[in-house]
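Each chain is listed here by its residues.
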Amino acid sequence: MSTRSRHEARWTDERATASGRLPRNQWWVLPALLAGLALVLFVAWRIYNGVDTVTYEVRQCQEPLTEDASWSEVQAAACDPVDTSALPSVVLMRGEEPVEPDRTEGAVLAWDGWAVNSPEHSVQIRLEDPAESIVIAEPTTERLRTELTPDAADIRWGGFIGGRGPTEYWVLITPAAP
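Overview of the structure. As the structure is a prediction and not an experimental result, all values here were calculated from the model. (Residues numbered from 1 in each chain as written. Predicted model: local features only at pLDDT ≥ 70, side-chain atom pairs only at ≥ 80, totals over all residues. Heavy atoms only, no water.)

## Brief notes about the sheet that holds strand 10 (residues 149–150)
Now for step 1: Strand order in this open sheet of 5 strands is 4-3-7-11-10, and the pairing throughout is antiparallel. One side of each edge strand has no neighbouring strand; the edge strands of this open sheet are strand 4 (97–99) and strand 10.
Now for step 2: Two elements, strand 7 (residues 121–126) and strand 11 (residues 156–160), share 5 bridges in a ladder whose sense is antiparallel. Within strand 11, the position partnered with Ile125 by the bridge is Trp157. (Pairing = 2+ DSSP bridges. Helix = DSSP H or I, 4+ residues; strand = E, 2+ residues; numbered from the N terminus.)

## Observations concerning the state of the cysteines
Now for step 1: A full pass over the atoms with the stated rule returns 1 disulfide.
Now for step 2: Disulfide pairing is shown between Cys61 and Cys79; the S-S distance is 2.0 Å. Where Cys61 bonds to Cys79 through sulfur, the torsion about that S-S bond is close to 110 degrees, and the disulfide is right-handed. Here Cys61 is found in the loop between strand 1 (51–60) and helix 2 (71–76), whereas its partner Cys79 is found in the loop between helix 2 and strand 2 (80–81), with 18 residues between them in sequence. Taken as a pair, Cys61 and Cys79 share a single burial class, namely buried. (Disulfide = S-S within 2.5 Å. Buried < 20%, exposed > 50% of the residue type's maximum accessible area, 1.4 Å probe, protein only.)

## A closer look at the environment of Pro81
Now for step 1: Summarising the element assignment, Pro81 is placed in strand 2.
Now for step 2: Linking Pro81 and Ala107, residues 26 residues apart in sequence, is a C-alpha distance of 5.7 Å.
Now for step 3: If we skip the residues at most four places from it in the chain, Pro81 touches Glu57, Val58, Arg59 and Ala107. (Contact = heavy atoms within 4.5 Å.)

## Here's the deal with the packing of aromatic side chains
Now for step 1: Scanning the model with the defined rule gives 3 aromatic pairs in all.
Now for step 2: When the centroid spacing of 5.6 Å and the interplanar angle of 80 degrees are considered together, the rings of Tyr56 and Trp111 count as edge-to-face. Of the two residues, Tyr56 sits in strand 1 while Trp111 sits in strand 6 (residues 108–115), which places them 55 residues apart along the sequence.
Now for step 3: Trp111 gets classed as buried once you look at its relative accessible area, which sits at 0%.
Now for step 4: Put simply, the rings of Tyr56, Trp111 and Tyr169 touch in pairs and so form one group of aromatic residues.
Now for step 5: One cation-aromatic arrangement involves Arg59 over Trp170; the distance from NZ or CZ to the ring centre is 3.8 Å. (Phe/Tyr/Trp six-rings, centres within 6.5 Å; stacked < 30°, edge-to-face > 60°. Lys NZ or Arg CZ within 6 Å of the ring centre and 35° of its normal.)

Below, the structure is given as structure tokens:
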């Protein structure tokens, strides 16, 4: 004679036993949920950080510029594209990690898969000859974003670009007067 539990349904067969285990073919549910959660977090991170290709076009200007200059002053400075092979180094910084461009096409340097909205975005430029000024501009919004800071020899330049920016920049270099 078998004993029944008080809370067991009346329609349960006498030979039925209750166990606390899930059915054996449901083992994949937890790993699938974890993988789905990881995918959702990854996609949300990419959307929030605006992961995209970022380009910097190097231009040489005839007149020095500051970050307070107007767009008409940029146009008056006659800033023409320059082949990037003349520059020893242009790197974007992801925090403290320098990141080389993924490709170079004439005056344009491109970084693929860059977190555009990241607050860690900065740039470092090394030149052969000293420059008078280097300013980063946003051609799509027609505004100057930041003026880079030089070393004592005016050959190494760097500065914080900031987050929530566009995907297209100009590097406006004014060579030092001879």
